[in-house]
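Working through the structure, step by step
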Amino acid sequence: RYGLWFRLRKLIFWLLGVYIAIPFLVKLCPAIQAKLVFLNFVRVPYFIDLKRPQDQGLNHTCNYYLQPEEDVTIGVWHTVPAALWKNARGKDQLWFEDALGSSHPVILYLHGNAGTRGGDHRVELYKVLSSLGYHVVTFDYRGWGDSVGSPSERGMTYDALHVFDWIKARSGDNPVYIWGHSLGTGVATNLVRRLCERETPPDALILESPFTNIREEARSHPFSIYRYFPGFDWFFLDPITTSGIKFANDENVKYISCSLLILHAEDDPVVPFHLGKKLYNIAATSRSFRDYKVQFVPFHTDLGYRHKYIYRSPELPRILR
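Residues numbered from 1 in each chain as written. Predicted model: local features only at pLDDT ≥ 70, side-chain atom pairs only at ≥ 80, totals over all residues. Heavy atoms only, no water.

So, the pairing of strand β3 (residues 106–110)
The buried count for β3 comes to 5 of 5 residues, which makes it a mostly enclosed element. With burial as the criterion, each face of β3 is covered, one bearing Val 106, Leu 108 and Leu 110 and the other bearing Ile 107 and Tyr 109. In this sheet, strand β4 (residues 135–139) lies alongside β3 in parallel orientation, the contact comprising 4 bridges. Looking at β4, one finds that Ile 107 is bridged to Val 136. Handedness of the β3-helix α5 (residues 120–131)-β4 crossover: right-handed. (Buried < 20%, exposed > 50% of the residue type's maximum accessible area, 1.4 Å probe, protein only. Helix = DSSP H or I, 4+ residues; strand = E, 2+ residues; numbered from the N terminus. Pairing = 2+ DSSP bridges. Right-handed = clockwise from strand over helix to strand, strands pointing away.)

Structure, rendered in structure tokens:
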């Protein structure tokens, strides 16, 4: 019994030492915290070939590669509306690019952290949007999936801007909407703020499971076991800022002038519901939205949509219309 107690006490002290050491390690090496924000090294589902979207049931999708900057290449998927499914079979990239000029609206989808453009819930959303008559263009930011480059907030935003301009050059007068999910809402508001400042706003902005800013999200994240640790801001939040990561949705919406739709599930375990509601309250009172519709759509806890299953809602087609 003495030997067992000795080993157990030794294990407890070891775990306590690791727990205390991690904040100091993060403070000394902010890049660690950046990796925890992006989680771009987590590639799920594993063992899929991103060059073959048809393997994920997307038979009307084409894989492209675009180059936003020198030494940066990003992988892109373009899913055409379901009505064009038969015509799309066997077609090459040029046909898909020309199809953007057809009389269908386009959604540029900006995914959240971790995984790739081939993530299961993302693929299911593409299918829903395609069935509703939208082109869906999505991509992996530099450093995600098979995209080449090192992740950063500036780089992610520039990648999104490059893809948006690429779409606009081919879509003619068709509406182009921007849809951001989770961390992708930070990229989306960065992008739309920039587009509005240069007077080329999108036709609408859709934010699914958004937060106010990355510091508040990190502080509210239910998986943050250090939130009550003395000096939490200094150890964990300041290194995020030092790494140039802000994703300031609450600041960006003050400079956005287009229609805004916010979708958030009350049982979201990753981005707390109250942050989405707070962002809506900021946007709804912003002078930049005085001529545009701002709408917040909550999804009750009983529906079980959590962080990434809002696409299952039978109300989504009506909401988008």
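Considerations on the UniProt feature "domain: AB hydrolase-1" (unreviewed entry) in the protein
Per the UniProt record, "domain: AB hydrolase-1" (unreviewed entry) is annotated on residues 105–210. End C-alpha atoms of residues 105–210 are separated by 23 Å, and the span's content is 43% helix alongside 20% strand. (UniProt positions renumbered as here; feature names shortened; annotations may be inferred.)

Observations regarding a nonpolar patch on the surface
Nonpolar side chains collect at one region of the surface, where Trp 5, Leu 8, Leu 11, Ile 12, Trp 14, Leu 15 and Val 18 lie side by side and expose about 700 Å² of accessible area between them. Residue position: Leu 8 is located in helix α1 (residues 2–28). (Patch = residues over 30% accessible without salt bridge, like charges linked within 9 Å, V, L, I, M, F, W, Y side chains within 5 Å. Areas by Shrake-Rupley, 256 points an atom, 1.4 Å probe, with all protein chains shown as cover. Salt bridge = Lys/Arg side-chain N within 4 Å of Asp/Glu carboxyl O.)

Remarks on the side chain of Ser 209
Tracing the sequence through the fold places Ser 209 in the loop between β6 (204–208) and α8 (214–220). Polar contacts involving the side chain of Ser 209 include one to the main-chain carbonyl oxygen of His 307, which spans 3.3 Å. In this structure Ser 209 touches His 181, Ser 182, Thr 185, Leu 263, His 264, Asp 268, Val 271 and His 307, once residues within four positions along its chain are discounted. (Polar contact = N/O pair within 3.5 Å; in protein donor to acceptor, adjacent residues only side chain to side chain. Contact = heavy atoms within 4.5 Å.)

A closer look at the sheet that holds β6
Ordered by their spatial adjacency, 8 strands build an open sheet running β1-β2-β4-β3-β5-β6-β7-β8, and the pairing between neighbours is mixed. Across the chains shown, the open sheet's two edge strands, defined by having one partner strand only, are β1 (61–69) and β8 (294–299). Mean inter-strand twist for the sheet, computed between neighbouring axes without regard to direction, equals 20°. Packing of helix α7 (residues 183–197) onto the sheet brings it into contact with β3, β5 (176–181) and β6, and relative to β5 it is tilted by some 145°. (Axes fitted to C-alpha atoms, helices over the stretch in contact; angles between N-to-C directions.)

Details of unusual backbone geometry
Cis geometry marks the peptide bond from Val 44 to Pro 45, where omega comes out at -5°. Here the phi dihedral of Ser 182 falls at roughly 55°; this positive angle occurs in a residue that is not glycine. Locating Ser 182 in the fold gives a position in the loop between β5 and α7. The buried category is assigned to Ser 182, whose relative accessible area is 7%. Unusually for a residue other than glycine, Phe 247 sits at a positive phi of about 40°. Here Phe 247 lies in the loop between α9 (232–242) and α10 (249–252).

Topic: the side chain of Ser 286
With respect to the helices, strands and loops of the structure, Ser 286 is situated in the loop between α11 (273–284) and β8. Residue Ser 286 is classed as buried on the basis of its relative accessible area, which comes to 11%. There is a polar contact of 3.0 Å between the side chain of Ser 286 and the side chain of Ser 288. Contacts of Ser 286, omitting those with residues within four sequence positions, involve Val 253 and Lys 254.

A short note on the packing of aromatic side chains
Under the definition given, this model contains 13 aromatic pairs. Taking the centre distance of 6.5 Å and the plane angle of 80° together, the rings of Trp 77 and Tyr 126 count as edge-to-face. Of this pair, Trp 77 sits in strand β2 (residues 72–79) while Tyr 126 is found in helix α5, placing the two residues 49 residues apart along the sequence. For the pair shown, Trp 77 and Tyr 126 are each scored as buried. Look at Phe 273 and Phe 296: their rings are 5.6 Å apart centre to centre, the planes differ by 65°, and that puts the pair in the edge-to-face class. Highlighted residues: Phe 273 in helix α11 and Phe 296 in strand β8, separated in sequence by 23 residues. Judged by relative accessible area, Phe 273 falls into the partly exposed class, the value being 21%. The ring of Tyr 309 is capped by Arg 312, whose NZ or CZ atom sits 4.1 Å from the centre of that ring. (Phe/Tyr/Trp six-rings, centres within 6.5 Å; stacked < 30°, edge-to-face > 60°. Lys NZ or Arg CZ within 6 Å of the ring centre and 35° of its normal.)

Here's the deal with the nonpolar core
Phe 38, Leu 108, Leu 110, Phe 139, Ile 178, Leu 205 and Phe 247 are the most contacted members of the largest nonpolar core, which totals 61 residues. Looking at which domains feed residues into this core, each of domain 1 (1–38 + 228–244) and domain 2 (50–227 + 245–320) supplies at least three. The residues contacting Phe 38, other than those within four sequence positions of it, are Asn 113, Ala 114, Trp 144, Pro 151, Ser 152, Glu 153, Met 156, Leu 183, Ile 245 and Phe 247. In this structure, Ile 48, Leu 125, Tyr 134 and Leu 263 belong to the second largest nonpolar core, which totals 25 residues. (Core = buried A, V, L, I, M, F, W, Y, C linked by side-chain atoms within 4.5 Å. Domains from an automatic or database assignment.)

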